[in-house]
Structures are given as structure tokens and as C-alpha cells.
Amino acid sequence: MFFYSRGGQHAADNPAGVIRRALGEALVPYYPLAGRLREVDERKLVVVCTGEGVLFVEADADVRLAELEAAADGLAPPFPCVDQLLPDVEGFGGVLNCPLLLIQVTRLLCGGFVSALWFNHTICDAIGINQFLSAVAELARGLTAAPTVTPPWSRELLEARDPPRPSFPHPEFDAVPPPPPPLGDMVTRTFTFGLSEVNAIRTKGLPPSLRDTATTFEVLTAALWRARTAALELSPEEDVRLVFICNVRGLPELGLPAGYYGNAVVSAAVLATSGGLLACSLGDAVELVHKAKATVTAEYVRSSVDMLALRGRPRVAMSNMFIVSDNRRTGFYGVDFGWGVPVFAGPSCAMLWGSFILAVRNGDGEDAAALPIMLPRPAMDRFALEVERLVKG
């Protein structure tokens, strides 16, 4: 979801018309996005470049940006009217044989607008789709005749080895029974952590040796994994999994070219028992996260790809899983179609089994990290108390 206020070089223009034109121009170099996915032998996915295009919806809403901001408690998930700002359009939403991208531009009464999109995650990761949207934004502003970043396909660089030979354990894909559907009323809340809250967690929960070296990601991920596990009141002997998404574009051994817009991410995992996780200190949990991050080498990436090929694209082990995806460095806040940078840019909802880390500004206007969480209502109440204890002691 991208929320824009009125202003910028295109303030008097129709945002839907500007973005639609630029979208068509961007799809020339990004032509695979205008095709369709097919499944061939051994469940291999391929793109057939049919040129059928993407879905584009133009809409008007009788609300102002300030009203949406007030209803969403400062523009954070859950958003009001999300099913109208990002609708479930017939013929879209599957993986195979359907459009790979849906964009809806909704004009607001105040002159601002919302640009919302669905995209097929088998084609792009968050950085990849942001690269495409940045190309659309460049063309919308008339800066160039073609995107400044050339988009190579190059998907063969991340194919499995022959023969595949996984060399690491991958507990995030363990064959465990799927969890039962959540019971009761599910609620979403976004928890925001500014510098003062993160420093409070460091001071109260970490030993001196980690206070200055642990990253904000490590601190928040470890702390909220423990808080969520406590809130769910699991049996002490039950396994719990922390899974987080790692961008691997910076690993030179992989040879990924500049402008690569496919999925250049792997999942790292930590496996523990509920009782063991809650019995250890926050510092111990941070060390587990740090160690898992350190395992993500080029060989780990190759192992991940080989494992997926050998096991026929297995599903992630969802049982007692907490998955975290850090979206703060995706570049979403730089997508300027000519109305200035967005007021909010990021995922439209919380994940059922995890959370995104979003870049926001807190009530004092300072840079902060926001994490939308979805839990059954009683567990959410307990989770909020755990978070309060983390920050206030």
C-alpha cells in the first residue's frame, strides 16, 4: 500500500492516468511481468511471455487521507477499507495462468491517492518489485525515456546444482503436521518501537557485551519471538520456530547482476522448545538470531535451492512458527510518481504467522520500526503486556 498526499509536480493531474501510462512503458523492459506462469515437468515454474498484461483498476473514494490516517492510528495495518483499496478481482489471485500484478489507484477527496498492488511473489521479492515500481515512478515523472536500471532476467544463476546436494539443515521446511486453524477472534495491532523503546529493551534485557553490538533487527526479533511464544501459552515441550528472510544480493559468489529483480532471498531459522526459549535470557535469544544470520553464506543459499529442488518445493513448517521480514530497506519510501514520496509505504496487512518490520515515524516524528502482529484476542492481550514489560520493566 502506498498513500500519497496532494502535492508535487503532478498535483493537478489524474494520478491513475499518469501511473497507467508509465506502467505500460515500464512493462516493455519488464516484459515477463506481462506474461503468465505455467507449471511444467517436475513442478518447474516458467513464464510464458504472452503479453497479456497486468490488471489495472481506477477508483474514487469519498474519504480524505487524514480520515484514513485517523482510522488506521497513524497509517499502519490494519487499514480501514483495505478490501476496497486492494480488491479481490475475479481472475486474479492464483499462481498459475493469471495476471502477475494488480494495481489499483484510488483518488481521495483531498487530492491525495492510494496506490495499492498485489504481485506474484514467485516472480519478484520486495526489493525486486520496488525496483519495478521505481522504474514506473521515473517514467511517470518524465525523468527518462527508459528505466535507468536495466532489469536482467538471469534466473538460471540460482538454479539447483546437478545433482542437488543440500549441506545445511533447514528446519523451516521440516515435515511437521500443519497447525489447526486459529480459534476465536483474530485481531491485528501494530507495535511501534522508536530509539527510546529499543534502547530500553537493550538496557533491561541484554548483557553489556551485547548492548552496543546487537542490531535493532536482532533485538526486536528475539524479544518479540519470546513475547509471542509466552502469549500463546504453549506446552513447554512444543517446538517453536523463528524464521526470518535474508537478502543475498550482497554475496558476490552468487554472481547476481545489478538490477536483478527476482527472489534473491533465503530463509534462516532458529528451532527451540517453548520452555527452553522462555527459560533462556533475551541475550541468549539474540545470540541465536545472530548465529542464524551468520550462517547465510553463498553455500547456504545453494543448499537452500538444492533442498527445495530435491523436496519438490515443500511448504514452510507453519506449526508454532514466527516469521519476520524486514522491509525497512526495500526502498518503498522512495517511490515518487510525481506527487512526492509516500506518507506510508509497505505491506497492507499483518502475516498470520509472523510480522513485517516497517519503517515509520513515531508520534514524535522520529524514525521508528513498526511491527504489525495478528493473534487471537486473548493472546494479543497477553502479548501487549509482554511488550509493555519489555519496554518499561
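- Listed in UniProt under the heading Sequence similarities (unreviewed entry), the comment for the protein chain reads: "Belongs to the plant acyltransferase family."

Section: the pairing of strand β13 (residues 367-376)
Argument step 1. Counting buried positions over the 10 residues of β13 gives eight, a clear majority of the element.
Argument step 2. Judged from the four bridges that link them, strand β12 (residues 354-361) and β13 form a sheet pairing that is antiparallel. Opposite Leu358, over in β13, you have Ala370 as the bridge partner.

Some remarks on unusual backbone geometry
Argument step 1. In this structure, the amide linkage connecting Pro77 to the following residue, Pro78, adopts the cis form with an omega of 5°.
Argument step 2. Mapped onto the elements of the fold, Pro78 is located in the loop between α2 (65-71) and α3 (82-85).
Argument step 3. Along the chain, Asp162 connects to Pro163 via a cis peptide bond; the corresponding omega equals 0°.
Argument step 4. Structurally, the position occupied by Pro163 is in the loop between α4 (126-140) and β7 (186-193).
Argument step 5. Positive phi outside glycine occurs at Ser154, with the angle close to 55°.

Remarks on the sheet that holds strand β8 (residues 239-247)
Strands in a sheet are paired, the pairing made by backbone hydrogen bonds, and the direction either parallel or antiparallel.
Argument step 1. Pairing in this open sheet of six strands is mixed, and the strands run β7-β13-β12-β10-β8-β9 from one edge to the other. Edge positions in the sheet fall to β7 and β9 (265-273), since each has one partner strand and no second. Here the average twist between neighbouring strands, direction ignored, is 25°.
Argument step 2. Here β7 runs beside β13; their pairing, made up of eight bridges, is antiparallel. Note on β13: the bridge partner recorded for Phe193 is Ala369.
Argument step 3. Across the sheet, helix α9 (residues 282-294) lies against β8 and β9, angled at about 145° from β9, the strand it touches most.

Some words on the packing of aromatic side chains
Argument step 1. For the coordinates displayed, the defined rule picks out 13 aromatic pairs.
Argument step 2. Ring-pair connections join several aromatic residues into one group, and the members of that group are Tyr4, Phe113, Phe337 and Trp339.
Argument step 3. A cation sits over an aromatic face here: Arg155 above Trp153, 3.7 Å from the ring centre.
Argument step 4. Over the ring of Tyr260 we find Arg155, and its NZ or CZ is 5.5 Å from the ring centre.

Here's the deal with the layout of surface pockets
Argument step 1. Space inside the second largest pocket adds up to approximately 880 Å³.
Argument step 2. Lining the second largest pocket are 35 residues; nearest its centre among them are Thr192, Val360, Arg361, Ala368 and Ala370.
Argument step 3. Partitioned by chemical class, the residues of the lining of the second largest pocket number 21 nonpolar, seven polar and seven charged.

Digging into the sheet that holds strand β11 (residues 344-345)
Argument step 1. Reading across the sheet, the five strands line up as β4-β5-β6-β1-β11 and stay open at both edges, with mixed pairing between neighbours. Edge strands, defined here as strands with exactly one partner in the open sheet, are β4 (55-60) and β11.
Argument step 2. Here β4 pairs with strand β5 (residues 101-107) via six bridges, running parallel. What sits directly across from Leu55, in β5, is Leu102.
Argument step 3. On the sheet, helix α1 (residues 15-26) packs against β4, β5 and β6 (113-119) and is oriented at approximately 155° with respect to β5.

Some thoughts on helix α11 (residues 377-392)
Argument step 1. A rise of 1.5 Å per residue sets the reference length of α11, with its 16 residues, at 22 Å; its end C-alpha atoms lie 22 Å apart and thus fit the reference within 8%.
Argument step 2. Taken as a whole, α11 has its buried residues at Ala379, Met380, Phe383, Ala384, Val387, Leu390 and Val391. Along the axis of α11, the buried positions cluster into a sector of 140°, meaning they face one direction only.
Argument step 3. Elements that come into contact with the buried residues of α11 comprise β7, α5 (195-205), α7 (216-232) and β13.
Argument step 4. Looking one or two residues beyond α11, the residue adopting positive phi is Gly393, at roughly 85°.

Analysis parameters
- Residues numbered from 1 in each chain as written.
- Predicted model: local features only at pLDDT ≥ 70, side-chain atom pairs only at ≥ 80, totals over all residues.
- Heavy atoms only, no water.
- UniProt positions renumbered as here; feature names shortened; annotations may be inferred.
- Buried < 20%, exposed > 50% of the residue type's maximum accessible area, 1.4 Å probe, protein only.
- Helix = DSSP H or I, 4+ residues; strand = E, 2+ residues; numbered from the N terminus.
- Pairing = 2+ DSSP bridges.
- Axes fitted to C-alpha atoms, helices over the stretch in contact; angles between N-to-C directions.
- Contact = heavy atoms within 4.5 Å.
- Phe/Tyr/Trp six-rings, centres within 6.5 Å; stacked < 30°, edge-to-face > 60°.
- Lys NZ or Arg CZ within 6 Å of the ring centre and 35° of its normal.
- 1 Å grid on protein atoms, 1.4 Å probe; cavity = no way out; pocket = protein on both sides within 12 Å on 5 of 7 lines; lining within 4 Å.
- Points joined across faces, edges and corners; volume = space filled by probe spheres on them.
- Nonpolar A, V, L, I, M, F, W, Y, C, P; charged D, E, K, R; others polar.
- Expected span 1.5 Å × (residues − 1).
- Arc of directions from axis to C-beta.

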